[in-house]
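Results of the structural survey
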Amino acid sequence: MFQEERVDFKFEWEHLGNLALGRPNLGPTTHIALYRLMQFTLRDALIRHGGVELANRVFFDAGRNAGAAIYKHLLNAPKDMGELVRSLQRSFEELGGGIIRVEEADLEKNHFVLTVAEDLDCSGLPLMDEAICTYDEGFIAGILEAHLGIPFRVREVDCWCTGDRVCRFEAVPRDPTAT
Amino acid sequence: MLDPSDAARVDQVTEAIARLLKGQPSPLQVDADAPQDEIRQLAVYMNQLFIEFDHLNAAITALSQGSLTFDSPGRLPAANAVKNLQAALRHLVWQTRQVAEGDFTQRVSFLGDFATSFNSMVEQLTANREALLEQNRLLEVTAITDALTGLTNRRGARERMILELHRAVRAGFAPCVMMMDIDHFKRVNDTWGHEAGDVVLKALAGVLKKNTRFEDVCARWGGEEFLIMAPEKGLEFGLALAERLRARVEENVVEYNSQRIPVTISIGITTYWDAEDLDATVRRADGHLYRAKNAGRNRVCGDLG
Ligand SMILES: [Zn+2]
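So, here's what we can say about the structure. Everything numeric here is computed off the predicted structure, so don't read it as measured data.

**Observations regarding the overall build of chain B**
Within chain B, the regular secondary structure consists of 9 helices and 7 strands. Scored against the burial criterion, the 305 residues of chain B give a buried share of 42%. Sequence-distant contacts, at least 24 apart, represent 58% of the contacts inside chain B between residues at least 6 apart. A total accessible area of about 17100 Å² is found for chain B, and carbon and sulfur atoms account for 55% of it.

So, in structure tokens, the structure goes:
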């Protein structure tokens, strides 16, 4: 399940395990510091072993699979964009992932601008002139792709780390033939 | 920093701060050959502060003029607060647009008192809209209901019949349509008054409603004329129903001011001929009704006799 080599992604929701059974005393939540420790040491090791581009690709792909999984398991097949946004906002606040807001949603061009405040990955990090929420980029792409059935390109245009108080993501349809 | 004297250089920085406080920031000239000391560093920081001040100024000015698209590279906590507000307002713009497009589930969860007002506005809008929809629905019902008898009126009957007849034609079926009329209704009005006439009309409507099915069209066509159409039922069923209705009406006791008013009806019955105009069917049923009247009233006449 976790050790076999693979060509396609094999993540399943069940891989998260039975939390009620597994953590009867500690419960399903953890400290953000632990999450970030995992994320940034992982990023560090990935860059060290494969370079920045690989690290970003890994985070994007992982985020995208997570987005698709969340869409499938937590969002209750929303009928339209309004319902999708509402359900995503609700789940994300419940899970403590961040406060999601929409700034633009052009349903004809499928062009979206979303912001995430109090983001799990980056809120509170030192300023460093580089946006780092690659996982979130993948995550948003995964959600939109699951909902609309077309591939998306998502870019973090503003980040806490570049001096903004919210992370701002721009999503546009991706030419499926482009790499 | 042209003046090499330390005191004069400190003076220059001090003046620059004073200008900044007056809202007239102007950067200090830091020459390459000026001494590399703390005063130089102070001047450099001062200049950075000017830049931050400018960014903040530009952002707040843009915001105060209603622009939400400004891009501010400012790093001061105050600049961040402005950007936070910008993001919140941009989301609010989207939410307002959603409300305008009919999504009344939008609620604002930030911006304090404003959020409360916005949310109560949307709730009020929702309530008003629902009240209007309900009123509309009631109006629609009123428009197709006869106020006196509570039966469908002519307009409502026509709408439903057109629907049912299309369905019947598609199924290759000829449903029955009957017109009926209270015998000597003028005499009822003349003898007992119009109030009695209304009592008779209501009593008849009650008998018709009670003896027809939910899916039948049972309407007050106008005056003392009533119409019944039984979807999916042909002439044979219609004739039996018409005869039963005629008998029930005759048996039914109508009392007005402790007096018994005798009421009978005459009925003309026909079937809807494939794709003909609805009015033609009604005219044919009317023709049979007049035959029933001429033949002595309190009887049923139809296509077969
Ligand atoms: Zn970010």
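Resuming the write-up.
**Overview of the overall build of chain A**
Helices and strands together make up the secondary structure of chain A, namely 5 helices and 4 strands. Scored against the burial criterion, the 179 residues of chain A give a buried share of 41%. Sequence-distant contacts, at least 24 apart, represent 56% of the contacts inside chain A between residues at least 6 apart. Summed over its atoms, the accessible surface of chain A is roughly 10600 Å², and 56% of this surface lies on carbon and sulfur atoms.

**Some details on unusual backbone geometry**
Trans peptide bonds make up most of the peptide bonds, and negative phi angles are found at most residues other than glycine. Residue and element names in this part refer to chain A. Phi at Ala 77 is positive, roughly 45 degrees, even though this residue is not glycine. By relative accessible area, Ala 77 is classed as exposed at 60%. Of note in this structure, Asn 110 is not a glycine but carries a positive phi near 55 degrees. Tracing the backbone shows Asn 110 in the loop between strand S1 (99-106) and strand S2 (111-117). Using a relative accessible area of 15% as the deciding quantity, one classes Asn 110 as buried.

**Points about the sheet that holds strand S6 (residues 265-271) of chain B**
Residue and element names in this part refer to chain B. Here we have 5 strands laid out as an open sheet, ordered S2-S3-S1-S6-S7, and mixed in their pairing. For this open sheet the edge positions go to strand S2 (217-222) and strand S7 (300-302), each flanked by a neighbour on one side alone. With direction set aside, neighbouring strand axes in the sheet form an average angle of 20 degrees. Here strand S1 (residues 176-182) pairs with strand S3 (residues 225-230) via 6 bridges, running antiparallel. Paired with Met 179 across the two strands is Leu 227, which belongs to S3. In the packing of helix H8 (residues 235-251) onto the sheet, contacts are made with S1, S3, S6 and S7, and the angle to S6 comes to roughly 170 degrees.

**Quick notes on helix H2 (residues 32-50) of chain A**
Residue and element names in this part refer to chain A. With 19 residues, H2 extends 26 Å between its outermost C-alpha atoms, agreeing within 8% with the 27 Å of an ideal straight helix rising 1.5 Å per residue. By the burial criterion, the buried members of H2 are Arg 36, Gln 39, Arg 43 and Leu 46. All buried residues of H2 fall inside an arc of 100 degrees around its axis, so they share one side. Across from the buried face of H2, at angles greater than 90 degrees, the exposed residues are Leu 34, Leu 37, Met 38, Asp 44, Arg 48 and His 49. Phi turns positive one or two residues past the end of H2, at Gly 51, with a value near 95 degrees.

**A closer look at the coordination of the zinc ion**
All names here are of chain A. For the zinc ion, every protein donor is listed as Cys 122 (SG), Cys 133 (SG), Glu 156 (OE), Cys 159 (SG) and Cys 167 (SG), and the spread of their distances is 2.1 to 2.6 Å. Here the donor residues for the zinc ion map to a single chain with the spacing C-x10-C-x22-E-x2-C-x7-C. Placement of the pair is Cys 133 in the loop between S2 and helix H5 (134-148) and Cys 159 in the loop between strand S3 (152-158) and strand S4 (166-173), with a sequence separation of 26 residues. Neither Cys 133 nor Cys 159 differs from the other in exposure class; each is buried.

**Overview of the packing of helix H2 (residues 38-64) of chain B against helix H3 (residues 77-100) of chain B**
All names here are of chain B. Following both chains from N to C, one finds H2 and H3 inclined at 25 degrees, their axes separated by 10 Å at the closest point. In terms of their interaxial angle, H2 and H3 are classed as roughly parallel. For the pair H2 and H3, the crossing hand works out as left-handed. Seen from H2, the contacting residues are Leu 56, Ala 59, Ile 60 and Leu 63; seen from H3, they are Ala 78, Ala 79, Val 82, Leu 85 and Leu 89. Taken together, the residues that form the contact of H2 with H3 break down as 9 nonpolar, no polar and no charged.

**What to know about the packing of aromatic side chains**
One pass over the structure, following the stated rule, counts 3 aromatic pairs over all chains. Look at Phe 92 of chain A and Phe 139 of chain A: their rings are 5.2 Å apart centre to centre, the planes differ by 50 degrees, and that puts the pair in the tilted class. Taken together, the residues Phe 92 of chain A in helix H4 (residues 81-95) and Phe 139 of chain A in helix H5 connect sequence positions 47 residues apart. Considering the side-chain rings of Phe 114 of chain B and Phe 118 of chain B, the 6.3 Å spacing of their centres and the 35 degrees angle between planes classify their relative orientation as tilted. Pair noted here: Phe 114 of chain B and Phe 118 of chain B are both in helix H4 (residues 112-143), with a separation of 4 residues, about one helical turn. A residue is classified by how much of its surface remains accessible, and Phe 118 of chain B, at 6% relative accessible area, is buried. A cation over an aromatic ring shows up here: Arg 43 of chain A above the ring of Phe 59 of chain A, its NZ or CZ 5.0 Å from the ring centre. Here the guanidinium or amino end of Arg 284 of chain B rests over the ring plane of Trp 273 of chain B, the centre of that ring lying 3.5 Å away.

**Digging into the pairing of S1 of chain B**
All names here are of chain B. Within S1, 7 of the 7 residues are buried, leaving the element largely enclosed by the surrounding structure. Judged by which residues are buried, S1 turns out to be covered on both faces: Cys 176, Met 178, Met 180 and Ile 182 on one side and Val 177, Met 179 and Asp 181 on the other are all buried. Looking at chain direction, S1 and S6 are connected through 7 bridges and run antiparallel. Opposite Ile 182, over in S6, you have Ile 265 as the bridge partner.

Criteria and thresholds
- Residues numbered from 1 in each chain as written.
- Chains lettered and ligands numbered in written order.
- Predicted model: local features only at pLDDT ≥ 70, side-chain atom pairs only at ≥ 80, totals over all residues.
- Heavy atoms only, no water.
- Helix = DSSP H or I, 4+ residues; strand = E, 2+ residues; numbered from the N terminus.
- Buried < 20%, exposed > 50% of the residue type's maximum accessible area, 1.4 Å probe, protein only.
- Contact = heavy atoms within 4.5 Å.
- Areas by Shrake-Rupley, 256 points an atom, 1.4 Å probe, with all protein chains shown as cover.
- Pairing = 2+ DSSP bridges.
- Axes fitted to C-alpha atoms, helices over the stretch in contact; angles between N-to-C directions.
- Expected span 1.5 Å × (residues − 1).
- Arc of directions from axis to C-beta.
- Donors = N, O, S within 2.8 Å, 3.2 Å for Na, K, Ca; no water.
- Parallel < 35°, antiparallel > 145°, perpendicular 65-115°, else oblique.
- Left-handed = near helix turned anticlockwise from the far one by under 90°.
- Nonpolar A, V, L, I, M, F, W, Y, C, P; charged D, E, K, R; others polar.
- Phe/Tyr/Trp six-rings, centres within 6.5 Å; stacked < 30°, edge-to-face > 60°.
- Lys NZ or Arg CZ within 6 Å of the ring centre and 35° of its normal.

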